[in-house]
Amino acid sequence: MKIEELILKWALKNALDHEGRAYQNAVLSKIIREDPSLKTRIKELLPTVEEIVNQVNSMSIDKQKNLLEELAPELLVYEKKIEEKKLPPLPDAVRGRVVTRLPPEPSGYMHIGHAMSGLLNYAYARMYDGKVWLRFEDTDPRKVKLEYYESFRKGYKWLKIEWDYEKNNSEDIELFYDYAEKIIELGRAYVCFCPHEKIKSLRRKGLECEHRSQDIDENLKYWKMMHDGRFREGEAIVRLIGDMKSQNTTMRDPAIFRIVEHSHPIVGARYHVWPLYDFAASIEDGVCNITHILRTSEFALRDELQNYIRDLVGMSNPTYIEYSRFEFKGTPVSKRKLRAIIEAGLAERWDDPRFPTIEGLRRRGILPEAVKEFTLTQTGFSYAKREYDWSLLYSLNRKILDPIARRFFFTPSPVKLKVEELEPGEITIPYHPTNSSLGMRKICYTDEFYISSLDVENMKDRDIIRLKYLANVKIVNASKYEVIGVRSGGGPAQNIPIIQWVPLHRSLKVKVLVPDILYLDGEKVNPESLRIIEGYAEENIVEVKVDEIVQFERFGFCRCDSTIDRIFIKTHD
Ligand SMILES: [Zn+2]
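Heads up: these notes are all about the structure in this document. Everything numeric in this text was worked out from a predicted model, so none of it was measured.

Another point: the overall build of the protein. For the protein, the count of helices and strands is 16 helices and 27 strands. Over its C-alpha trace the protein gives a radius of gyration of 32 Å, far above what one expects of a compact globule, namely 25 Å for 573 residues. In terms of overall dimensions, the protein has a C-alpha envelope of 100 × 50 × 40 Å along the principal axes. Counting the 573 residues in the protein, one finds 55% classified as buried.

All of the protein donors around the zinc ion are C192 (SG), C194 (SG), C209 (SG) and H211 (ND1); their distances to the metal are 2.1 to 2.4 Å. Taken in chain order, the donor set of the zinc ion reads C-x1-C-x14-C-x1-H. Here C192, found in strand β4 (residues 189-192), pairs with H211, found in the loop between α8 (196-205) and α9 (216-227); they are 19 residues apart in sequence, far enough to count as distant. Note on accessibility: C192 and H211 belong to one class, buried.

Take the packing of aromatic side chains next. Taken as a whole, this structure holds 32 aromatic pairs when the rule is applied. Relative to Y536, the ring of Y450 has its centre 4.3 Å away and its plane inclined at 5 degrees; by these criteria the two rings are stacked. Of this pair, Y450 sits in strand β17 (residues 448-452) while Y536 sits in strand β24 (residues 530-538), placing them 86 residues apart in sequence. There is no split in this pair, since Y450 and Y536 are both buried.

Let us now look at the packing of helix α5 (residues 112-127) against helix α14 (residues 368-378). In the contact formed by α5 and α14, the axes pass within 9 Å of each other and the chain directions differ by 75 degrees. Looking at the two axes, α5 sits roughly perpendicular to α14. Here A115, M116, L119, L120 and A123 of α5 lie close against α14, whose contacting residues are V371, K372, F374, T375 and L376. Its residues assigned to classes, the contact of α5 with α14 comprises eight nonpolar, one polar and one charged.

Hydrogen bonds between backbone atoms are what pair the strands of a sheet, whose relative direction is either parallel or antiparallel. Taken together, the three strands give an open sheet; going across it, the order is β1-β2-β3, and neighbouring strands pair in parallel fashion. The open sheet has two free edges, formed respectively by β1 (99-102) and β3 (165-168), since each of these has just one partner strand. The sheet shows a mean angle of 25 degrees between the axes of neighbouring strands, direction not considered. Pairing between β1 and strand β2 (residues 131-136): four bridges, direction parallel. The residue of β2 that forms the bridge with T100 is V132. Contacts between helix α6 (residues 146-158) and the sheet are confined to β1, β2 and β3, with β2 contributing the most and set at about 155 degrees to the helix.

As a further point, take α14. In an α-helix, one turn spans 3.6 residues, which is why side chains three or four residues apart end up on the same side. Counting buried positions along α14 yields eight of 11 residues, so the element is predominantly enclosed. Inspection of α14 places P368, A370, V371, E373, F374, T375, L376 and Q378 among the buried residues, and these make up the whole buried set. Looking at the buried positions of α14, the neighbouring elements they touch are α5, α6, β10 (326-328), β11 (386-388) and α15 (390-401).

Mapped onto the secondary structure, M225 falls in helix α9. Separated by 11 residues in sequence, M225 and A236 place their C-alpha atoms 9.7 Å apart. Residues within four places of M225 in sequence aside, it is in contact with R230 and F231.

With that out of the way, let us pick up a negative patch on the surface. Residues E174, D178, E181 and E185 make up a contiguous surface patch of negative charge. Of note, E185 is situated in helix α7 (residues 173-185). Overall, the relative accessible area of 47% leaves E185 in the partly exposed class.

Within the open sheet, the seven strands sit side by side as β21-β18-β19-β20-β14-β17-β22. Their pairing is mixed. The open sheet has two free edges, formed respectively by β21 (498-499) and β22 (502-503), since each of these has just one partner strand. Here β17 runs beside β22; their pairing, made up of two bridges, is antiparallel. Within the sheet, the bridge partner assigned to F449 lies in β22 and is P503.

Calculation criteria
Throughout, a residue's number is its position along its own chain's written sequence, starting from 1. Owing to the predicted nature of the model, reporting of local features is limited to residues with pLDDT of at least 70; listing and counting of side-chain atom pairs is limited to 80 or more, with chain, interface and lining totals taken over all residues. The side-chain figures draw on all heavy atoms in the structure; neither hydrogens nor water molecules are used. Labels follow the DSSP assignment, with helices taken as runs of H or I lasting at least four residues and strands as runs of E lasting at least two, numbered in each case from the N terminus. For the radius of gyration, the atoms used are the C-alpha atoms, and the globule rule reads 2.2 Å times the number of residues raised to 0.38. The cut-offs for exposure are 20% and 50% of the maximum accessible area for each residue type, with area from a 1.4 Å probe on protein chains only; residues under the lower value are buried, those over the upper are exposed, and the others partly exposed. Metal coordination here is assigned from N, O and S atoms located within 2.8 Å of the ion, or within 3.2 Å for Na, K and Ca; omission of water means that sites may look incomplete. Whether two aromatic rings pair depends on their centres lying within 6.5 Å, for rings of Phe, Tyr and Trp, where Trp uses its six-membered ring; planes under 30 degrees apart make the pair stacked, over 60 edge-to-face, and the rest tilted. Throughout, an axis means a line fitted to C-alpha atoms (over the contacting stretch in the case of helices), and angles, computed between N-to-C directions, take values from 0 to 180 degrees. An angle below 35 degrees is read as roughly parallel, one above 145 as roughly antiparallel, one from 65 to 115 as roughly perpendicular, and any other as oblique. Any two residues whose heavy atoms approach within 4.5 Å at even a single point are treated as in contact. In this count, Pro and Cys sit with the nonpolar residues alongside Ala, Val, Leu, Ile, Met, Phe, Trp and Tyr, while Asp, Glu, Lys and Arg are called charged and the others, Gly among them, polar. When DSSP locates at least two bridges between a pair of strands, those strands are taken to pair. Any residue with relative accessible area above 30% and no salt bridge may belong to a patch, with like charges joined within 9 Å and the nonpolar Val, Leu, Ile, Met, Phe, Trp and Tyr side chains within 5 Å. Per-residue and other accessible areas were derived by the Shrake-Rupley procedure at a 1.4 Å probe size, with only the shown protein chains allowed to occlude residues. A carboxyl oxygen of Asp or Glu within 4 Å of a side-chain nitrogen of Lys or Arg is what we treat as a salt bridge. Positive residues here are Lys and Arg, negative ones are Asp and Glu, while His and the chain termini are left out of the count. Taken as the charge location is NZ of Lys, CZ of Arg, CG of Asp or CD of Glu.

And the structure:
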């Protein structure tokens with residue numbers, strides 16, 4: 001190795017160890033350690049070291065990496081798998097006794113919010129050798145659909161969440177009826193016939209309606225009539241006697257049962273009196289002996305009501321731990337907003353890579369381990385609403401992918417390059433600069449190539465560029481339509497740009513979908529939220545199977561979405 005290369009190698013290594021900045025003294029001591037005979041020549045070497053360090057410090061980190069990759073790949077360090085974080089202790093937790101639950105409502109596709117909640121509840125159960133319930137909150141027949149149950153089961157499995165028990169609340173309708181009757185007999189619930197608008201207005205004013213004073217026998221009679229089909233949907237509901245003056249409006253005589261004239265996807269048309277969410281969830285949490293509930297702070301107002309329902313029927317209450325509600329920058333999670341995007345024709349399906357649905361994240365190339373790490377490190381146990389930037393999740397994902405993703409040459413918006421005096425040949429290069437388990441690949445070339453127009457933009461005649469792993473080329477004519485160069489000697493150096501290339505006659509056309517955030521400011525739709533970039537990739541790309549995530553060098557990590565049309569989705573840089 002020439003002395004300049006030796007200096008360059010250690011300058012790059014030192015820069016990459018210090019966020020892109022190399023230090024002269026550190027570089028000096030490294031080169032002397034490698035070649036002790038240089039010790040006597042320090043004075044003479046100093047100006048060269050200084051010059052090279054300055055040049056390295058003016059490069060981007062990507063460029064530093066790229067250069068070191070060819071010069072001394074053994075010095076590159078790829079961060080190992082991220083370490084698992086410890087969660088803060090759970091209050092009132094007894095080892096072996098903790099029971100938590102995953103309570104999805106199967107009325108839409110699973111999204112990242114469900115994933116984060118599921119991961120927390122699961123992590124705590126396992127931390128205390130406890131148990132986990134998967135319980136579908138499916139007592140709204142109009143909203144629930146079979147495909148949504150499956151979306152959650154699949155999503156939890158993808159996250160490697162293993163639940164111990166599973167049930168649907170809709171299996172327990174008879175049980176809910178028994179508890180309702182018990183509460184009516186206690187004189188703590190009544191059948192109300194007020195129209196919806198009147199109930200709303202009285203609740204707002206904190207006033208009781210005339211039905212609250214019906215006696216127990218009357219209420220039992222009406223309750224029976226509800227089951228006998230004597231009332232239609234909307235004509236009668238069962239309300240809990242709470243406190244019409246409570247500051248917590250959920251306590252103002254909430255409805256606990258109503259009539260729904262709609263078939264349920266699992267239990268069919270057998271029932272038409274259905275419990276509302278708070279009632280079904282409180283009873284089920286009691287029945288399943290749930291000890292701890294971790295959920296977002298928007299549920300905080302419901303704790304009082306749910307505890308009150310369980311107190312009435314003599315069940316014990318769980319410990320609630322509320323964490324901040326989260327939002328992702330530029331990305332709605334609400335079903336209504338995502339549906340509007342589909343209906344407006346801006347996205348085709350719920351697994352669109354711009355969507356925060358689990359299928360959307362998976363298709364984009366986000367790994368379940370990254371979602372887990374993100375959840376355990378980012379969730380704040382406070383009430384403040386938080387807006388997350390996607391870049392945090394991407395950086396965790398990148399740390400996992402970087403040491404294991406195969407590298408391929410890809411030239412987006414390609415331009416032809418002809419190199420005179422270059423003999424045709426074949427090179428064998430690694431799929432990964434340091435991870436030798438990923439193997440080697442061969443590329444056959446002639447004197448004609450494709451390179452990216454982005455690299456051509458900055459080229460001038462007489463510039464020297466380096467075709468990575470292959471040869472240096474002196475530019476003769478840097479036209480944006482076709483570049484002509486001539487082979488020049490030498491190897492990788494700090495003042496020569498290193499670019500990716502593919503052989504002109506042995507390359508494959510590839511389409512890359514590049515997703516971005518859906519909303520710009522507020523809810524203004526981002527017109528560039530899904531760009532399509534076309535280019536050529538090296539032939540070895542035919543080995544890539546659907547779902548593999550590769551790195552197109554100096555372009556980004558991309559997941560293979562279709563091998564038939566050779567479509568990739570860009571995960572992130
Ligand atoms: Zn009423």
